[in-house]
Amino acid sequence: MKVFFSGELNISAGPANVNKLLKRELDKLSEEELDGKKIYYIKNKNIILKQLEVIWKTLISDVIIYSGTLHVNILSIKLARFLRKKNLYIMHGCVKYESQFNGEPNPNGLKIEETQMKKADLICGVSEVFMNWIKDNYPQYRSKVDCLTNGIDWDIFNDYQK
């Protein structure tokens, strides 16, 4: 099985930091632990090359995982749905709520988030509390919401204690 993990890895922001940790841990897995799975990531920083890479990796993958709200995900989501490929959206926060809370509208992020939620086969909140919040605030997606708990990077935590 080929899995495309479409999440930002080249910036310092909330979801990107989590994506880097997820990638680091996935890269530690042995071939036996991966059980024949191949995981692809976005490598290009150039926006045009990134779009081409996302199209290519969506085409060759069996499952697509979206982590965070990226503009290039819209194209990948539409292509994945057209090709009937399973896709999962890891939802780290809610753009709609955060925009209201911060008093800073984010229409592009909102459009991406709404598209990802609507088209995802599975939406994973990053905690049980957040999963329940999604179910309460987006009842139309209740049946496809689950939890994928973000872990703690104990190595970093332990470094702070020294």
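In short, a report on the structure. (Residues numbered from 1 in each chain as written. Predicted model: local features only at pLDDT ≥ 70, side-chain atom pairs only at ≥ 80, totals over all residues. Heavy atoms only, no water.)

## Some thoughts on the overall build of the protein
At step 1: Looking only at helices and strands, the protein features 8 helices and 6 strands.
At step 2: The helix and strand sequence of the protein, counted from the amino end, reads β-α-α-β-α-β-α-β-α-α-β-α-β-α.
At step 3: Projected onto its principal axes, the C-alpha positions of the protein cover 50 × 40 × 35 Å.
At step 4: Each of the 162 residues in the protein was classed as buried or not, and the buried ones make up 40%.
At step 5: In the protein, the proportion of contacts linking residues at least 24 apart, taken out of those at least 6 apart, comes to 59%.
At step 6: For the protein, the exposed surface amounts to about 10100 Å²; the carbon and sulfur share of it is 55%.
At step 7: Charged side chains in the protein number 24 positive and 20 negative. The centres of these two groups are separated by 8 Å. (Helix = DSSP H or I, 4+ residues; strand = E, 2+ residues; numbered from the N terminus. Buried < 20%, exposed > 50% of the residue type's maximum accessible area, 1.4 Å probe, protein only. Contact = heavy atoms within 4.5 Å. Areas by Shrake-Rupley, 256 points an atom, 1.4 Å probe, with all protein chains shown as cover. Lys, Arg positive; Asp, Glu negative; His and termini not counted. Charge placed at Lys NZ, Arg CZ, Asp CG, Glu CD.)

## Focus: the sheet that holds strand β3 (residues 63-67)
At step 1: An order of β2-β1-β3-β4-β5-β6 is seen for the 6 strands of this open sheet, with the pairing classed as parallel. Two strands lie at the open edges of the sheet, namely β2 (38-41) and β6 (145-147), each paired on one side alone. Adjacent strand axes in the sheet meet at a mean angle of 25° when their direction is disregarded.
At step 2: For strand β1 (residues 2-7) and β3, the ladder comprises 5 bridges, and the chain directions are parallel. (Pairing = 2+ DSSP bridges. Axes fitted to C-alpha atoms, helices over the stretch in contact; angles between N-to-C directions.)

## So, a nonpolar patch on the surface
At step 1: A cluster of nonpolar side chains, namely Ile-47, Ile-48, Leu-49 and Leu-52, defines an oily patch on the protein surface of about 390 Å² accessible area.
At step 2: Here Ile-47 shows up in helix α3 (residues 47-60).
At step 3: Using a relative accessible area of 48% as the deciding quantity, one classes Ile-47 as partly exposed. (Patch = residues over 30% accessible without salt bridge, like charges linked within 9 Å, V, L, I, M, F, W, Y side chains within 5 Å. Salt bridge = Lys/Arg side-chain N within 4 Å of Asp/Glu carboxyl O.)

## Observations regarding the side chain of Glu-8
At step 1: Along the chain, Glu-8 falls in the loop between β1 and α1 (14-27).
At step 2: Of note is the side chain of Glu-8, whose polar atom sits 3.1 Å from the side chain of Lys-50.
At step 3: Those residues in contact with Glu-8, other than ones at most four positions away along the chain, are Ala-16, Asn-19, Lys-50, Ser-67 and Leu-70. (Polar contact = N/O pair within 3.5 Å; in protein donor to acceptor, adjacent residues only side chain to side chain.)

## Let's talk about the pairing of β3
Looking down a regular strand, the side chains alternate between one sheet face and the other.
At step 1: Most of β3 is tucked away: 5 of the 5 residues are buried.
At step 2: Taking every second residue as pointing to the same face, both faces of β3 are buried, with Val-63, Ile-65 and Ser-67 on one and Ile-64 and Tyr-66 on the other.
At step 3: Sheet topology places β3 next to strand β4 (residues 86-91); 5 bridges connect them, and they run parallel. Across the sheet, Val-63 pairs through a bridge with Lys-86, a residue of β4.
At step 4: In this fold, β3 hands off to helix α4 (residues 71-82), which returns the chain to β4; that crossover is right-handed. (Right-handed = clockwise from strand over helix to strand, strands pointing away.)

## Some details on α4
At step 1: When α4 is considered as a whole, its buried residues turn out to be Val-72, Asn-73, Ile-74, Ser-76, Ile-77 and Ala-80.
At step 2: At its buried positions, α4 is contacted by β1, α3, β3 and α6 (107-119).
At step 3: Among the residues trailing α4, Arg-84 stands out with phi positive, at a value near 60°.

## Section: the nonpolar core
At step 1: Judged by nonpolar contacts, the single largest core of 34 residues is most densely connected at Tyr-89, Met-91, Met-117, Ile-123 and Ile-134.
At step 2: For this core, the elements supplying multiple residues, two or more each, are β1, β2, β3, α4, β4, β5 (122-125) and α7 (128-137).
At step 3: In this structure, Tyr-89 is in contact with Tyr-66, Gly-68, Thr-69, Glu-113, Gln-116, Met-117, Ala-120, Leu-122, Ile-123 and Cys-124, ignoring residues within four places of it in sequence. (Core = buried A, V, L, I, M, F, W, Y, C linked by side-chain atoms within 4.5 Å.)

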